[in-house]
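Here is how the chains run, residue by residue.
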Amino acid sequence: PPPRPLPELDLLLMESTYGNRRHDTQDPFQQLAEIVNRVAKSGGVLLVPAFAVGRAQALQHLLATLMDQGDIPKMPIYLDSPMAIKVSDIFCQFSDQHRLSHEQCYRLCDGVTYTRTVDESKAIAGQAFPHIVIAGSGMATGGRILHHFKRLLGSSKTTVLFTGYQAGGTRGAKMLEGVDAVKIHGGWVPLRATVKVISGLSGHADYLELTQWLQQSALTDTTRIQLIHGDPEALETLRVHLQEHTAFAVNVAGYRDILRL
């Protein structure tokens with residue numbers, strides 16, 4: 001559910017991941033459907049590096065909904081992440097804690113093959129095309145997705161879909177920049193796959209949503225805001241924006257700063 005307005009407080013540490021940009025207004029259902037349909041038509045495979053907590057479950061929900069609506073063809077989907085599998089179980093167990101209904105929770109697990117063991121993960125290599133693999137890590141810095149990368153990035157029939165923020169210097173960020181090869185487990189793997197991104201699935205509020213949340217809260221002019229969790233440009237842009245549109249004292253938290261209440 002949406003975050004509640006804040007009560008009166010002295011100090012707020014506030015994230016700034018989207019401190020300098022708005023969310024993509026495109027419909028993620030439509031974006032995903034177009035990508036999956038292209039993969040199905042080409043007879044290829046869709047590899048989705050995904051964060052295990054939240055993003056993997058959102059993708060399962062989107063895919064299940066699109067299949068039920070007939071917007072994409074039915075095809076094998078593998079959730080190849082032990083942590084994401086456990087989190088999916090938790091989503092179903094505590095369906096009262098989020099916006100998906102109990103039925104939607106269990107539906108997102110239907111039709112998805114959970115590969116818990118290493119042998120089950122390796123067996124995906126024998127799967128006929130097309131199919132979809134969702135695996136960690138979300139920025140392709142580690143996890144089982146790398147084994148699928150080593151096997152499939154060299155094929156032009158492969159599509160890699162990033163669904164979350166890619167920090168600078170990570171393998172995911174480099175792939176979005178259009179590099180010709182990526183280094184995996186000490187060796188270079190040619191990148192001939194199509195690389196796509198869906199940016200509308202982020203759980204972070206953008207700078208206007210953060211501002212609206214502050215304005216709805218019971219904060220006072222004496223509330224101090226320290227911005228954290230953002231790239232330098234996002235931090236500084238949000239600081240300037242809040243100073244121009246609110247009455248709060250806003251600073252960027254510095255390394256090893258000591259904040260006294």
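Residues numbered from 1 in each chain as written. Predicted model: local features only at pLDDT ≥ 70, side-chain atom pairs only at ≥ 80, totals over all residues. Heavy atoms only, no water.

Undergrad: So what exactly am I meant to see when it comes to the confidence of the model for the chain here?
TA: Regions with low pLDDT carry predicted coordinates that are not meant to be interpreted in detail. With 100% of its residues at a pLDDT of 70 or more, the chain has an overall mean of 93. The least confident element of the chain, judged by mean pLDDT, is helix α4 (residues 102-109) at 87; the most confident is strand β2 (residues 45-49) at 98. (pLDDT = per-residue confidence, 0-100. Helix = DSSP H or I, 4+ residues; strand = E, 2+ residues; numbered from the N terminus.)

Undergrad: What exactly am I supposed to notice about the pattern of salt bridges here?
TA: Opposite charge on two side chains allows them to pair when their charged atoms are near. Applying the stated rule across the entire model yields four salt bridges. Note that R22 and D206 form a salt bridge whose closest N and O atoms lie 2.9 Å from each other. In this pair, R22 is assigned in the loop between β1 (11-15) and α1 (28-42) and D206 in the loop between β9 (194-197) and α8 (207-216), connecting sequence segments 184 residues apart. Across the pair D68 and R107 runs a salt bridge whose closest N-O atoms are separated by 2.7 Å. Here D68 is found in helix α2 (residues 55-68), whereas its partner R107 is found in helix α4, with 39 residues between them in sequence. Residue class for D68 comes out partly exposed when judged on its relative accessible area of 49%. (Salt bridge = Lys/Arg side-chain N within 4 Å of Asp/Glu carboxyl O. Buried < 20%, exposed > 50% of the residue type's maximum accessible area, 1.4 Å probe, protein only.)

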